[in-house]
Amino acid sequence: MSSPNTFCVSINKNVAQLIFSLFFLCGSYPLKASLKQFSDSLEAEMGKQFRLDIVAVSPKGNYAAVAKRHNLNSDTVMIVKASTPGKVIKEIIGLRSGTFFPSENSVVAFGNGKAEYIDLKTTIIKKFENVKSVTEISEKKIFIILNTSKKLSAYNQNGNFLYDILGVEKLSVTGEKGYFCIVKKKNNQYEVVDVSSTKPVTVYRTQNLIKRIEVSFSKTWLSVIEEVIEREDTKESLVLINRLSDVLYRPQIEEITKDQMIGLSEMAGGEGLLISLNRKIQKDKKVEIWYGNDGNLIDTELGFSPQSQYMVFDPSHNQIKKMHSDRFDTFYPTGNKRYLLARKRGKGNNYTHGFTTLELYLHDLHTGEYKFLDSIFSAKVFIPSKGNSLLYKNNSGKWHLINISNGQKREFTQDFVQPIFSRISDVIYFEGKTGFFVYDIKKNELRSHSDLEGKDVRITERRYLNIGSSFMSLFILEAERKKILLKVTDPKTIETSYKWFYEGKLTNFISPTSDYIDELQCSSETGNGWFLRENYNRPMSAWVKSSGKSSPSEIIPPNKMDNSAASLKQEILEYKNSEGRVLKSILYYPENFNPKEKYPMIVRIYEEQNYLRNRYQTSSYELPLEVDIRAMLKKGYFVYLPDIIIGKKGSGLSALECVCILL
């Protein structure tokens, strides 16, 4: 089901909100007065309620920056310390664009054209005006500020000035923790400058206009896209700089035209590059008949058809190989620079189904051979940044692992959620709704952990990149570090815990709790972790779990102004649909409920919802659940959130059955 409905009726969100306001709230008062009264009442409640958001944690985890998110404004950030529970060290107001800790005892906040550097020990504040952007380069312990006059200023972790650069035109598209570049204009020349250190380093100069600069996923390559003029036409040109060797390459792309844009994808962790020349072929959006089995139907809606040409750049020989195929028009990289994935765009797309299936081929760049791999379910493929593995679900819904180098295939019978590779691609971690599995690629061994059997297990930190396009997602998902933090949820009780997984062993970090735990951020230096806790009848609070302590400490207590939250009543109901599947639902009781009276009820229809049982709800003009639960409870309504499972009867009848079976 794509969007939630209320009262078993599909209705536009904005129209629904207006109808709810008119029908439930107006009563016998004139419309204008009633809406004004409702608005004043709602904003009075919104002023008492807020959510929390952990926006930054200091390098050693002794401090955290926690934002206070009122539904009327989000201007306040609180700096708190692990050793002083219940006390706000510093309150920052009006700088809501970003916050970070350049050192353990300093914090930078920025927004609304301003920035502040705050020394948390001396409380000295340095203020900056006319600020356009602020960027942290954490690995080098510096930060840079770009002002509205195109001047970039660099500072160290102590807030001391390092250098200025004038005439800054662009920042690198991909900002990395340890690498950042800018483009500056000096006289009639453009320069690409590495500003990732205490001294700026010019890495490239040109008289051509620089349109884009980008750092690759592996941080191996810096790509510079220039605009060149040939025969009175302007077109893009590519310059590649290998950051590891400082070698500059100019791949000769002779056939590029002025309406094409250059795209880049890494192969084998940067050992090669797949270059694409992309254009949009305009198309008339006006058609009389749309056929659901037209694989490229979306082109009509978009008004254009994407078209790409591909070539492979081999830096070891400084050579480009053009891709020519009458059968395939779309190519993707793999973790092995010898192989590409190939498909025919639009083939397999069918809008009469709720999913997409496509035929995927493997192309050997050495032999020129195309080999059919499989029909891919839901058009999702997973690869490591470097390695021979390729993972996907086929049409039977089973996970398949292929070694693209030798063709070996393994089918998994377990219902994994998604795979995540280790940083060196020797292990695959499988998240799952029924456990946690680790697959050793070299040994071809799959291990599960009995302590996590039947639990919903997710990895909290991962590196992510989606290289896909045109109805196929090609994901690179990698664990951030060797020691992995797992979020473990018991589906029966919705209790959540966190565990460390390292060298095949599990250790507890946060014990199971019925509260909802969110935004856990751990220091890579000490392992101290900050997180938020909430429940349906208790506002959010901020906690810290120090690595040397057995239990966490509450640093920011729940909001005392929301004095009605504690009296909220909720009931979890269990039932079976006609196919025998056990489902659950949440029933919220109206405020001041009297069992002798009758009350109206709002029903929200949208997939499985029982996971929301421990979420703190706030009133708002924006309704992520399509209904303001707190406002409706206050007005005397039941709110019912049943699990909806689409069965053999189809979406409509299945939903109706799930809603009405307990009513």
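The rules behind these values
Residues numbered from 1 in each chain as written. Predicted model: local features only at pLDDT ≥ 70, side-chain atom pairs only at ≥ 80, totals over all residues. Heavy atoms only, no water. Helix = DSSP H or I, 4+ residues; strand = E, 2+ residues; numbered from the N terminus. Buried < 20%, exposed > 50% of the residue type's maximum accessible area, 1.4 Å probe, protein only. Contact = heavy atoms within 4.5 Å. Areas by Shrake-Rupley, 256 points an atom, 1.4 Å probe, with all protein chains shown as cover. Pairing = 2+ DSSP bridges. Axes fitted to C-alpha atoms, helices over the stretch in contact; angles between N-to-C directions. Polar contact = N/O pair within 3.5 Å; in protein donor to acceptor, adjacent residues only side chain to side chain. Salt bridge = Lys/Arg side-chain N within 4 Å of Asp/Glu carboxyl O. Phe/Tyr/Trp six-rings, centres within 6.5 Å; stacked < 30°, edge-to-face > 60°.

**Student:** Quick one: what's the story with the overall build of the chain, residue by residue and with numbers?
**Tutor:** Across its full length, the chain holds five helices and 50 strands. The burial tally for the chain puts 49% of its 663 residues in the buried class. Contacts in the chain between residues at least 24 apart in sequence constitute 44% of all its contacts with a sequence separation of at least 6. Accessible area of the chain: about 32900 Å², with a carbon and sulfur share of 47%.

**Student:** If you had to explain the pairing of strand 2 (residues 50-57) to someone new, which residues and values would you point to?
**Tutor:** The two faces of a sheet get side chains in turn, since along a regular strand they alternate between them. Within strand 2, six of the eight residues are buried, which leaves the element mostly enclosed by the surrounding structure. Judged from the seven bridges that link them, strand 2 and strand 3 (residues 63-70) form a sheet pairing that is antiparallel. Its bridge partner lying in strand 3, R51 is registered against R69. Where strand 2 folds back onto strand 3 in an antiparallel hairpin, the turn is made up of five residues, including G61, whose phi is positive at roughly 80°.

**Student:** Give a description of the sheet that holds strand 6 (residues 98-103) that names residues and reports values.
**Tutor:** Within a sheet, neighbouring strands are paired by backbone hydrogen bonds and run either parallel or antiparallel to one another. In space, the four strands of this open sheet follow the order 6-7-8-9, with antiparallel pairing throughout. At either margin of the open sheet sits one strand with a lone partner, and together these are strand 6 and strand 9 (125-128). Put simply, the sheet's adjacent strands are angled 15° from each other on average, direction ignored. Two strands pair when backbone bridges link them, and strand 7 (residues 106-111) and strand 8 (residues 114-119) are joined in this way by six bridges, in the antiparallel orientation. Bridging from a neighbouring strand, V107 pairs with I118 of strand 8.

**Student:** Which residues make up helix 5 (residues 651-660), and what values go with them?
**Tutor:** Among all positions in helix 5, only S654, A655, E657, C658 and V659 are buried. Buried residues along helix 5 sit in contact with strand 47 (570-576), strand 48 (582-588), strand 49 (601-605) and strand 50 (638-642).

**Student:** Any chance you could break down the environment of Q260 for me, citing the residues and the numbers?
**Tutor:** Locating Q260 in the fold gives a position in the loop between strand 21 (248-249) and strand 22 (261-267). Note on Q260: relative accessible area 2%, which makes it buried. Sequence separation between Q260 and R279 is 19 residues; the distance between their C-alpha atoms is 4.7 Å. Sequence-distant contacts of Q260, that is, excluding residues within four places in its chain, are made with E236, E255, L277, N278, R279 and Q309. A polar side-chain atom of Q260 sits 3.0 Å from the main-chain amide nitrogen of T257. In terms of polar contacts, Q260 uses its side chain to reach the side chain of Q309, at 2.7 Å.

**Student:** Help me get a handle on the pattern of salt bridges, residues and values and all.
**Tutor:** A complete count under the given rule lists 25 salt bridges for this structure. Residue E169 pairs with K150 through a salt bridge whose shortest N-O separation is 3.4 Å. Of this pair, E169 sits in strand 14 (residues 168-171) while K150 sits in the loop between strand 11 (142-147) and strand 12 (152-156), and the two are 19 residues apart along the sequence. Overall, E169 belongs to the partly exposed group, its relative accessible area being 34%. With relative accessibility at 40%, the residue K150 sits in the partly exposed group. The residue R462 makes a salt bridge to E431 at a minimum N-O spacing of 2.5 Å. With R462 in strand 38 (residues 462-466) and E431 in strand 34 (residues 427-432), this pair connects stretches of sequence that are 31 residues apart. Accessibility expressed as a relative area gives 25% for R462, which makes it partly exposed. A cluster of three or more residues bridged by salt bridges with shared partners is formed by K184, E191 and R205.

**Student:** Outline unusual backbone geometry, listing residues and values.
**Tutor:** One non-glycine residue, K150, lies in positive phi territory at about 65°. In this model, N318 sits at a positive phi of 50°, which is unusual for a non-glycine residue. Note on placement: N318 falls in the loop between strand 24 (304-314) and strand 25 (319-322). For N318, a relative accessible area of 48% gives the class partly exposed.

**Student:** Go over the packing of aromatic side chains with me, naming the residues and quoting the values.
**Tutor:** How two aromatic rings sit relative to each other is set out by the distance from centre to centre and by the angle between their planes. Inspection of every chain in the model, using the stated rule, returns 30 aromatic pairs. Judged by centre distance (4.0 Å) and plane angle (20°), the ring pair of F416 and F430 falls under stacked. A residue pair is termed long-range when its members are at least 10 positions apart, and F416 in strand 33 (residues 416-421) and F430 in strand 34 qualify at 14 residues. Of the residues examined, F416 reaches a relative accessible area of 2% and is grouped as buried. The exposure class of F430 is buried, given its relative accessible area of 0%. Arranged with centres 5.6 Å apart and planes meeting at 70°, the rings of F593 and F638 form a pair that is edge-to-face.

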